[in-house]
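Secondary and tertiary structure notes
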Amino acid sequence: MMDIIEKDIPYLDNDMPNVHKHKTPIPKRPHILRPYYCMIASGCAGSGKTTIITKAIRNSEEAGYKCPITGKDCEIVSYLFSPSAENNPIFTTLKSLEDDRMITEFTLEKLEEVVDHIKAEGQAYKKYIAYVEAYARWSKMTLKQIEQSQDYEMFEILGEHGFKHPDELPEQTAKVFNLIFDDLIADKNVFSTKKNSLLNKLVLNRRHVKVNVYIATQNLKSCPKIVRENANVWCIYPCKNLKVIEDDIYPQFSNLLSPQEFLAMFQYATTQMHDCFTFDATEPNPEDRFKINLDTIIRLKK
């Protein structure tokens, strides 16, 4: 091996710069999925796909989320797009899913309507938070500081409500939105290979739209590649063809496991009927990201 010499550059470093991280709802218990994510549950008919999706949402309903800015509880709101929703009573166990949000006849117009509503709700809450933060800054200022301030944006925001205390305004509640797509994998209006399709854009921009996306599929290949590559929560049930799993899923955590280790963990997790191998990239600790279903963390012995 050749000798290598290092020489530090005294005025440079490789430290991570301080950045303003996007604030997302915070789970009130550990090991709850952290927004905003795309979850794909893949397995044959009767494997447990809808069960694991429902369980993921029920876990978040029971734990709850809090707004990272106000510290108050978030409201969870779910929408279901499924032609077989009326025949699958498991979805009725979701507290966040009301009857008028169970959509059995999918149309792009209906999905656009739902997404537009979610965006409008997000903008309204963002505007409310801007007022709360502006009032907090203004209320701490002295009269002289107010007279000399050039924070014209703050004054404009407060002027919209006459400098009222935030408690005097209609309270806005932070919401965590879930969109569930079940039994729709054959519908090309939903799962289009075009990059600019509505679902593809929704998965890519879920953090901007502020929505969690859940997809149930019997055939991973039928799910657009752009969606597969951008999913960050996987629940995979036993299957005969491991190639698509090795090609599309494994690369997402190839820095954590070798191909042999991945297959060993997958086979271990799916030994029992209706159990799945879960990879949860929303877990802060990388060692907690591999699970059996959602309730058992599995690790390789060192």
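Only a predicted model underlies this, so the values are computations on that prediction, with no experimental measurement involved. (Residues numbered from 1 in each chain as written. Predicted model: local features only at pLDDT ≥ 70, side-chain atom pairs only at ≥ 80, totals over all residues. Heavy atoms only, no water.)

**A closer look at helix 9 (residues 259-269)**
Taken as a whole, helix 9 has its buried residues at F262, M265, F266 and A269. The buried residues of helix 9 all sit within an arc of 100° when viewed along its axis, so they share a single face. With respect to the buried face of helix 9, the exposed residues turned more than 90 degrees away are Q260 and Y268. (Buried < 20%, exposed > 50% of the residue type's maximum accessible area, 1.4 Å probe, protein only. Helix = DSSP H or I, 4+ residues; strand = E, 2+ residues; numbered from the N terminus. Arc of directions from axis to C-beta.)

**A closer look at unusual backbone geometry**
The linkage connecting P35 with the following residue, Y36, adopts the cis geometry, with an omega of 0°. Position of Y36 among the secondary structure elements: in the loop between strand 1 (26-27) and strand 2 (38-42). If you check the backbone angles, K210 has positive phi at about 70° while not being a glycine. Mapped onto the fold, K210 is located in the loop between helix 6 (206-209) and strand 7 (211-217).

**Some details on the sheet that holds strand 5 (residues 102-103)**
The 9 strands are arranged 5-4-6-7-2-8-9-10-11 in an open sheet whose pairing can be described as mixed. Both edges of this open sheet fall to strand 5 and strand 11 (296-297), since each of them pairs with a single strand only. As paired elements, strand 10 (residues 290-292) and strand 11 share 2 bridges and run antiparallel to each other. From the neighbouring strand, I292 faces strand 11, where its bridge partner is T296. (Pairing = 2+ DSSP bridges.)

**Observations concerning the pairing of strand 7**
Of all 7 residues in strand 7, 7 are buried; the element is thus mostly enclosed. Looking at chain direction, strand 6 (residues 175-181) and strand 7 are connected through 5 bridges and run parallel. Residue pairing across strands places F177 opposite V211, the latter belonging to strand 7.

**Observations regarding the nonpolar core**
By size, the foremost hydrophobic cluster in this structure holds 48 residues, and its most contacted members are F81, L179, F181 and I215. Discounting chain neighbours no more than four positions away, the residues touching F81 are I103, F106, K110, L111, V114, L179, I180, F181, D182 and L184. Counting 33 residues, the second-largest nonpolar core is a separate cluster that includes I32, F91, A174 and V176. (Core = buried A, V, L, I, M, F, W, Y, C linked by side-chain atoms within 4.5 Å. Contact = heavy atoms within 4.5 Å.)

The analysis is restricted to geometry; functional conclusions fall outside its scope.
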